[in-house]
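What follows is each chain in one-letter form.
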Amino acid sequence: MPKLLYASTSPYSSKVRMAALYAGIAVDLVPVKTEDKPAELIGANPLGKIPVLVLDDGRSIHDSRAITQHLSRVSKNALLPRNPDKRLEAEVLEALADGICDCALSMVYERRTRPEDMVYQPWLDRQWAKITAALDLLNANPPKLPKKITTGQIALRACLGYLSLRFAGKWEKGRSRLIRWAARFDEKFPELKPAVPG
Ligand code: GSH
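This is a predicted model, so every value here is computed, not measured.

## Describing the side chain of Ser-13
Thought 1: When you line up the elements, Ser-13 lands in helix H1 (residues 11-23).
Thought 2: Classification of Ser-13 by relative accessible area gives buried; the value is 1%.
Thought 3: Polar side-chain contacts of Ser-13 include one of 2.8 Å to the side chain of Ser-10.
Thought 4: The contacts of Ser-13, once residues within four sequence positions are left out, are Leu-4, Tyr-6, Ala-7, Ile-50 and Pro-51.

## Brief notes about the domain arrangement of the chain
Thought 1: Partitioning the chain into structural domains gives domain 1 (3-74) and domain 2 (84-188).
Thought 2: Measuring from the centre of the C-alpha atoms in domain 1 to the corresponding centre in domain 2 gives 20 Å.
Thought 3: Tallying the contact residues gives 12 residues for domain 1 and 20 residues for domain 2.
Thought 4: Note on domain 1 versus domain 2: buried area summed over both sides is about 1,300 Å², and carbon and sulfur give 63% of it.
Thought 5: Across the pair Asp-98 and Lys-15 runs a salt bridge whose closest N-O atoms are separated by 2.7 Å.
Thought 6: Counting the contacts that link domain 1 with domain 2 gives seven residue pairs in polar contact (both at pLDDT 80 or more).
Thought 7: Elements that contribute at least two residues to the side of domain 1 that touches domain 2 include exactly H1 and helix H3 (64-74).
Thought 8: By residue number, the principal contributor to the side of domain 1 that touches domain 2 is H1, which donates seven residues.
Thought 9: Partitioning the side of domain 1 that touches domain 2 into residue classes produces five nonpolar, five polar and two charged.

Scoring rules and cut-offs
- Positions within a chain are numbered from 1, following the residues in the order the chain's sequence is written.
- In keeping with the model being predicted, local features are shown solely for residues with a pLDDT of at least 70 and side-chain atom pairs are shown and tallied solely at 80 or more, while totals for entire chains, interfaces and linings include all residues.
- Side-chain numbers come from the whole structure's heavy atoms, not from hydrogens or water.
- In DSSP terms, a helix is any run of H or I states spanning at least four residues, a strand is any run of E spanning at least two, and both are numbered starting from the N terminus.
- Categorising residues by exposure relies on relative accessible area from a 1.4 Å probe, with only protein chains included: less than 20% of the type maximum marks a residue as buried, more than 50% marks it as exposed, and the intermediate range marks it as partly exposed.
- Counted as a polar contact is a pair of N or O atoms within 3.5 Å, where, for protein atoms, one must be capable of donating a hydrogen and the other of accepting one, and residues adjacent in sequence contribute only when both atoms are in side chains.
- Contact between two residues is taken to exist if any of their heavy atoms lie within 4.5 Å; hydrogens are not considered.
- Each domain's extent was defined by an automatic or database domain assignment.
- Accessible area that two parts lose when put together, with a 1.4 Å probe and added across both, is what the buried area reports.
- Each salt bridge in this description consists of a side-chain nitrogen of Lys or Arg and a carboxyl oxygen of Asp or Glu lying within 4 Å of one another.
- Residues are grouped as follows: Ala, Val, Leu, Ile, Met, Phe, Trp, Tyr, Cys and Pro are nonpolar; Asp, Glu, Lys and Arg are charged; every other residue, Gly included, is polar.

Shown next, in the form of structure tokens:
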């Protein structure tokens, strides 16, 4: 069975885990602490980032978008539509959700890795402005939630889960449509939980 090197708090890991579940592909979850630079992780991804999917034949796949595309290919397009326009829409939504996570993660790392007096507020503000712009756009026009979803909707759900974990009480104001969207997602796809313990 393919192994997924992941962390429970990583939004990209959550996306991939949810995508595998939705596509009906079993993966063995292997929790990893990136800060420890474990040999298994570095051997699979020299960048030392998660998620990484290690296939049965030893090949490893990163980053998360390469993984979702792989999962879609091996599940006969369970995650990405065949129709080029619809596929493009799904890919752009996934990129937007991942992009929000990139900004959010950069803020978390800025605070976590620098001494307090060296945290650069204009950098945090710049990242937050990007998150705000993207969330406002999504809130004004939340993606549809049909029976058959794509990696785009899955990425957005994982992203909102991460914002609720790290920016609770900060991202929700004025975003009631997105909050309802996440609740509807959870109702429709109760098996796809954005966070997993461990
Ligand atoms: N673009 C990558 C993807 O989509 O997989 C981003 C992966 C990423 O930044 N993962 C974080 C990580 O591994 C955890 S959420 N950080 C450790 C590090 O940068 O050393």
